[in-house]
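Each chain, written out:
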Amino acid sequence: MNAIRSVWDYVKFFQFPLLLGLSLPLFIVGGSGLLIYALALALYVIVGDLFFGEDTRHYEGTWRYPGLLIWMEVLSQPVLMSVVIAFAWMLGLPNGVDLFGIGAAIQSLTGFDAIAAHAAHDNFGTLLGGLALAAGAGALAGVVIGHNLGHRTYDLKSVIAARVGSAFGMFSYFTIRHPYGHHNLVGTPADPSWARRGESFWKFRLRSVIGQYRMTWALEKKRLEKMGQPVWSWRNGALQGWAIELLVAAMFFHAAGLAGVLAFLIIGILAHTGLEVANYIEHQGLVRVPTQPFQPRHAWDDAHRMTYWLVSAISRHSHHHSDAQVEEYELQPMAHMGRAMSTPWGYLATGFVAMFPSWWNRVITPRLLEWDERFATPAERELAARESLRSGVPELMAAARRYYEQQGRPVPPIRPGDPLDGHLPPDAPAGLLARA
């Protein structure tokens with residue numbers, strides 16, 4: 001039993017790349033099995049998120065083979081990429097395109113005529129199931145496994161696996177923008193992936209995606225200028241990533257023409273929606289003085305077991321941002337240690353609620369007010385009050401006015417939707433920053 005438990009400790013973080021990899025035979029056979037399998041995976045995640053409880057175990061220093069975790073991440077990428085390729089192959093069959101000769105190879109090796117099986121049994125459910133599984137694979141390759149690998153900027157195999165794998169979900173920019181932009185700027189208006197108080201998910205999603213692409217280009221431009229290199233250069237990491245994405249798009253075009261390219265774009269849109277849900281609920285409304293280092297209190301933490309497995313341990317987000325050099329599998333549950341606030345539920349349930357602004361504000365507002373009282377430093381309390389005035393949420397605005405009344409200071413003339421400055425206001429009490 002102990003041996004099984006030891007194996008499970010490693011496998012649990014990679015069960016979803018494995019489960020998606022197990023769908024590959026279904027892509028070969030075709031028919032309704034793809035949709036049934038996709039629905040079964042979705043049900044497993046939903047049930048687990050709601051009923052599997054929390055994991056608050058401390059894993060640091062417990063791994064007998066820590067290097068195995070890194071290799072499992074690296075090897076997860078080709079598995080996830082294969083699911084996306086299998087979907088492109090399936091799209092090409094009605095056009096008479098056997099992408100990479102996959103169908104011919106299968107028939108040669110096994111005698112099974114996969115092309116004929118698809119012609120006989122495929123339906124709309126087959127397409128829908130394949131799309132769902134490919135989108136899940138693209139999201140895991142870019143947002144989850146790609147995220148963890150992308151933080152190991154010192155390890156070439158991790159960087160390559162992150163960059164190539166992320167392209168299959170249109171996330172190649174993530175390996176640049178995330179470690180070099182988000183981690184330095186989060187909690188301030190300078191980070192486009194920081195959600196403001198009162199900002200709906202749908203408004204945030206569009207602003208965040210556009211801002212992240214712009215930041216990626218700006219980061220590479222600045223890096224190349226320091227090297228004395230032109231921005232339009234093969235050394236530009238953003239261009240490298242987008243070139244790989246273009247190759248993936250070309251694969252879809254070869255298989256199914258413009259319909260194939262549209263399918264790839266849908267994979268990217270669905271995968272990006274998953275990323276932006278995570279961005280939204282991981283930092284929403286938590287403020288940080290730009291000149292102060294990140295602390296565990298500046299992120300919403302999560303210990304729900306299914307979320308922990310699904311995102312390969314990165315849901316312990318408070319510790320991750322306060323020390324990004326700690327491997328994800330050794331992150332500590334900061335909310336349970338009293339050092340951060342917890343998400344209301346797991347990522348799936350919390351993200352679902354976040355898509356309904358009125359419902360979300362009812363859930364998150366009391367938690368933001370609790371954060372202001374329990375965790376905010378004097379400087380952060382000032383920033384939080386100004387953000388609350390901008391939020392347009394009546395409860396937050398009322399709390400901000402009470403704060404200024406208790407301070408014996410006039411309420412600043414800030415209205416909902418006013419631009420964010422992200423810095424301490426000029427009328428803040430002297431010495432406030434020093435006490436942060």
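Along each chain, numbering runs from 1 in the same order as the chain's sequence is written. pLDDT decides what is reported in this predicted model: residues at 70 or higher carry local features, side-chain atom pairs at 80 or more are listed and counted, and totals for whole chains, interfaces and linings draw on all residues regardless. As a rule here, side-chain values cover all heavy atoms of the structure and leave hydrogens and water aside.

Moving on to the overall build of the chain. The number of helices and strands found in the chain is 18 helices and zero strands. Both definitions apply: the radius of gyration is a C-alpha atom measure, and the globule rule equals 2.2 Å times residues to the power 0.38. Radius of gyration (C-alpha) of the chain: 23 Å, near the 22 Å computed for a compact globule of 436 residues. By principal-axis analysis of the C-alpha atoms, the chain measures approximately 80 × 55 × 40 Å. Accessible area is worked out with a 1.4 Å probe on protein chains only. A residue is then buried under 20% of its type maximum, exposed over 50%, and partly exposed in between. Residues counted as buried form 54% of the 436 residues belonging to the chain. Contacts are assigned to residue pairs that have any heavy atoms within 4.5 Å of one another. In the chain, 72% of the contacts between residues at least 6 apart in sequence involve partners at least 24 apart. Here the open area of atoms and residues is found with the Shrake-Rupley method and a 1.4 Å probe, where only the protein chains shown may cover a residue. Put simply, the chain shows about 18,900 Å² of open surface, and 66% of that area lies on carbon and sulfur atoms. Under the scheme used here, helices are H or I runs from DSSP no shorter than 4 residues and strands are E runs no shorter than 2 residues, and both carry numbers assigned from the N terminus.

Right, let's get into empty space enclosed by the protein. Computed over the protein atoms alone on a 1 Å grid, cavities are sets of points where a 1.4 Å probe fits but cannot get out and pockets are open sets with protein on both sides within 12 Å along at least five of seven lines; a residue lines them when it has an atom within 4 Å of a point. Grid points are joined across faces, edges and corners, and a volume is the space filled by probe spheres set on the points. Tallied over the full model, the rule gives two cavities of 30 Å³ or more. One number sums up the size of the largest cavity: a volume of about 80 Å³. Lining the largest cavity are Asn148, His151, Arg152, Tyr154, Ala324, Gln325, Val326, Glu327 and Glu328. Residues are grouped as follows: Ala, Val, Leu, Ile, Met, Phe, Trp, Tyr, Cys and Pro are nonpolar; Asp, Glu, Lys and Arg are charged; all remaining types, including Gly, are polar. In terms of residue class, the lining of the largest cavity is built from three nonpolar, three polar and three charged.

Working convention: axes come from line fits to C-alpha atoms, limited for helices to the stretch in contact. Angles between N-to-C directions cover 0 to 180 degrees. For the pair helix H15 (residues 347-354) and helix H16 (residues 357-374), the least separation of the axes is 7 Å and the interaxial angle reads 120°. Relative to H16, the element H15 lies oblique. Together, Thr350, Phe352, Val353 and Ala354 of H15 and Pro357, Trp359, Trp360 and Val363 of H16 make up the contact between the two elements. Class assignment for the residues of the contact of H15 with H16 results in seven nonpolar, one polar and no charged. Oblique is the label for any angle not under 35 degrees, not over 145, and not in the 65 to 115 range, which are roughly parallel, roughly antiparallel and roughly perpendicular in turn.

Aromatic ring pairs are described here by two measures, namely the spacing of the ring centres and the angle between the planes. Each Phe, Tyr or Trp ring, with Trp reduced to its six-membered ring, pairs with another whose centre is within 6.5 Å; inter-plane angles below 30 degrees give stacked pairs, above 60 give edge-to-face pairs, and intermediate values give tilted ones. All told, the structure shown has 28 aromatic pairs when counted by the stated rule. Measuring from ring centre to ring centre gives 5.0 Å for phenylalanine 13 and tyrosine 329, while their planes differ by 55°; the resulting arrangement is tilted. Note that phenylalanine 13 is positioned in the loop between helix H1 (2-11) and helix H2 (15-21) and tyrosine 329 in the loop between helix H14 (317-322) and H15, a separation of 316 residues in sequence. Taken as a pair, phenylalanine 13 and tyrosine 329 share a single burial class, namely buried. Between phenylalanine 201 and tryptophan 202, the aromatic rings sit 4.9 Å apart at their centres with planes inclined by 75°, giving edge-to-face as the arrangement. Residue phenylalanine 201 is classed as buried on the basis of its relative accessible area, which comes to 0%. Ring pairs connect the aromatic residues Tyr10, Phe13, Phe14, Tyr59, Trp63, Tyr308 and Tyr329, which therefore count as one cluster. The rule for a charge over a ring is simple: NZ of Lys or CZ of Arg within 6 Å of the ring centre, and within 35 degrees of the ring normal. Lying across the ring of tryptophan 71, lysine 157 places its NZ or CZ 5.0 Å from the centre.

Its boundaries defined by the atoms lining it, the largest pocket holds a volume of some 1,400 Å³. Lining of the largest pocket is provided by 42 residues; of these, Gly136, Ala139, Gly274, Leu310 and Leu348 occupy positions nearest its centre. Looking at the lining of the largest pocket, the elements with two or more residues in it are H2, helix H4 (33-51), helix H8 (124-150), helix H10 (174-185), helix H12 (237-283), helix H13 (305-310) and H15. Ranked by the residues each element gives to the lining of the largest pocket, the list is headed by H12, at 10 residues. For the lining of the largest pocket, a count of residues per class yields 30 nonpolar, 10 polar and two charged. For the second largest pocket, the lining is made up of 14 residues, of which Arg163, Thr175, Ile176, Tyr180 and Glu220 are closest to its centre. Mapped by element, the contributors of at least two residues to the lining of the second largest pocket are helix H9 (156-167), H10, helix H11 (201-226) and H12.

Patch members must show over 30% relative accessible area and no salt bridge, and they are joined within 9 Å when carrying like charges or within 5 Å when they are nonpolar side chains of Val, Leu, Ile, Met, Phe, Trp or Tyr. One speaks of a salt bridge when a side-chain nitrogen belonging to Lys or Arg is within 4 Å of a carboxyl oxygen belonging to Asp or Glu. On the surface, Leu43, Ile46, Val47, Leu50, Phe51, Phe52 and Leu348 cluster together into a nonpolar patch covering about 650 Å² of accessible area. The element best represented in the nonpolar patch is H4, accounting for five residues. Here valine 47 shows up in helix H4.

Per-residue confidence for the chain gives a mean pLDDT of 92; residues scoring 70 or more make up 96%. What pLDDT reports is the predictor's confidence in each residue, on a scale of 0 through 100. Across residues 424-436, where pLDDT falls below 50, the model places 27 contacts with residues more than four positions away in sequence or in other chains.

Below, the discussion takes up the pattern of salt bridges. Enumeration according to the criterion identifies 17 salt bridges in this entry. For glutamate 73, the salt bridge goes to arginine 152, with nearest N and O atoms at 2.6 Å. With glutamate 73 in helix H5 (residues 66-92) and arginine 152 in the loop between H8 and H9, this pair connects stretches of sequence that are 79 residues apart. Taking the relative accessible area as the measure of exposure, arginine 152 reaches 2% and is therefore buried. For glutamate 370, the salt bridge is made with arginine 374, and the minimal N-O distance between the two is 2.8 Å. Residue glutamate 370 and its partner arginine 374 are both found in helix H16; the two are separated by four residues, about one turn of the helix. Take glutamate 370: its relative accessible area is 33%, and that puts it in the partly exposed class. Look at arginine 374 and you get partly exposed, because its relative accessible area is 49%. Taken together, the salt bridges that share partners define one network made up of Asp9, Lys12, Asp55, Arg57 and Arg316.

A few words now on the side chain of glutamine 284. Within the secondary structure layout, glutamine 284 lies in the loop between H12 and H13. Non-local contacts of glutamine 284, meaning those with residues more than four positions away in its chain, are made with Ala195, Arg196, Arg197, Gly198, Glu199, Trp300, Trp360, Ile364 and Leu368.

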